[in-house]
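Examination of the molecular architecture
Residues per chain are reported as follows:
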Amino acid sequence: MTIIAHAGWTTYQLADGIRAANPQGTYDLVSLMIGVNNQGLGRKIENYRSQFQALLDQAIVFVGGEADRVIVLSLPDWSITPFADDWDIAKVSAEVNEYNAINRAASEQAGAHYIDLNPVFQQAATDPSLLGPDGFHPTGKMYSLWTELISPEVLGSLRE
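Computed from a prediction, not measured in an experiment: that's the story for all the values here.

With that out of the way, let us pick up the overall build of the chain. Scanning the chain for helices and strands turns up six helices and three strands. In the chain, the order of α-helices and β-strands from amino to carboxyl end is α-β-α-α-β-α-β-α-α. A compact globule built from 160 residues should have a C-alpha radius of gyration of about 15 Å, and the chain, at 16 Å, falls within 12% of that. When its C-alpha atoms are laid out on the principal axes, the chain stretches across 45 × 35 × 30 Å. Across the chain, every contact between residues at least 6 apart in sequence was considered, and the portion connecting residues at least 24 apart equals 69%. Carbon and sulfur atoms make up 54% of the accessible area of the chain, which amounts to about 8600 Å² in all. Where the 9 positive side-chain charges of the chain centre and where its 19 negative ones centre are 4 Å apart.

This is how it looks when you write it as structure tokens:
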């Protein structure tokens, strides 16, 4: 397993991280979840569109051109978190939805799997055990719920 990205990265940083890591070979599966920090930092949505597409294209190369071996995960709508209390919640939610519309459309057009994590993430609005002490990042419990959601797609991709 190769993990390139780090929490807090933007699309720019992920592209730089991929170049620095210079991964070789073909992978059985690649997952891609990037953009929430672009949104939170107020980066231009037009830039996200082109940068996400480039990262998705790179992910497809990493799996030998088999787009159905790429799993794209939606960005969590963090407007429901305590961290968002000092933000314009409606704006955050609208922007995250716009980012997700972009990554969903690109994924579907490419033939990659797209998994919307937000139905699970929304549970954090009423279950504080799903968020860490910062009121923003998921806990192990949230990741376990995401894993349950993602696993069927992963297993299906690996069987194909």
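Before going further, it helps to spend a moment on the confidence of the model for the chain. Low pLDDT marks regions whose predicted coordinates should not be analysed in detail. Across the chain, the average pLDDT comes to 95, with 99% of residues at 70 or higher. Element-level pLDDT for the chain is lowest in helix α6 (residues 140-159), with a mean of 90, against a maximum mean of 98 in helix α4 (residues 89-110).

The next point concerns unusual backbone geometry. If you check the backbone angles, N22 has positive phi at about 45° while not being a glycine. Relative to the assigned elements, N22 resides in the loop between α1 (11-21) and β1 (30-32).

Next up on the list: α4. Note on helix geometry: an α-helix contains 3.6 residues per turn, so any two residues three or four positions apart are oriented the same way. The end-to-end C-alpha distance of α4, which contains 22 residues, comes to 32 Å, matching closely the 32 Å that a straight helix rising 1.5 Å per residue would cover. Taken together, the buried positions of α4 are V92, S93, V96, Y99, N100, I102, N103, A106 and S107. Elements in contact with the buried residues of α4: α2 (36-40), α3 (45-62), β2 (70-73), β3 (113-115) and α5 (118-121). Positive backbone phi, at 90°, marks G111, one or two positions downstream of α4.

Rules of the game
- Residues numbered from 1 in each chain as written.
- Predicted model: local features only at pLDDT ≥ 70, side-chain atom pairs only at ≥ 80, totals over all residues.
- Heavy atoms only, no water.
- Helix = DSSP H or I, 4+ residues; strand = E, 2+ residues; numbered from the N terminus.
- Rg over C-alpha atoms; globule rule 2.2 N^0.38 Å.
- Contact = heavy atoms within 4.5 Å.
- Areas by Shrake-Rupley, 256 points an atom, 1.4 Å probe, with all protein chains shown as cover.
- Lys, Arg positive; Asp, Glu negative; His and termini not counted.
- Charge placed at Lys NZ, Arg CZ, Asp CG, Glu CD.
- pLDDT = per-residue confidence, 0-100.
- Expected span 1.5 Å × (residues − 1).
- Buried < 20%, exposed > 50% of the residue type's maximum accessible area, 1.4 Å probe, protein only.

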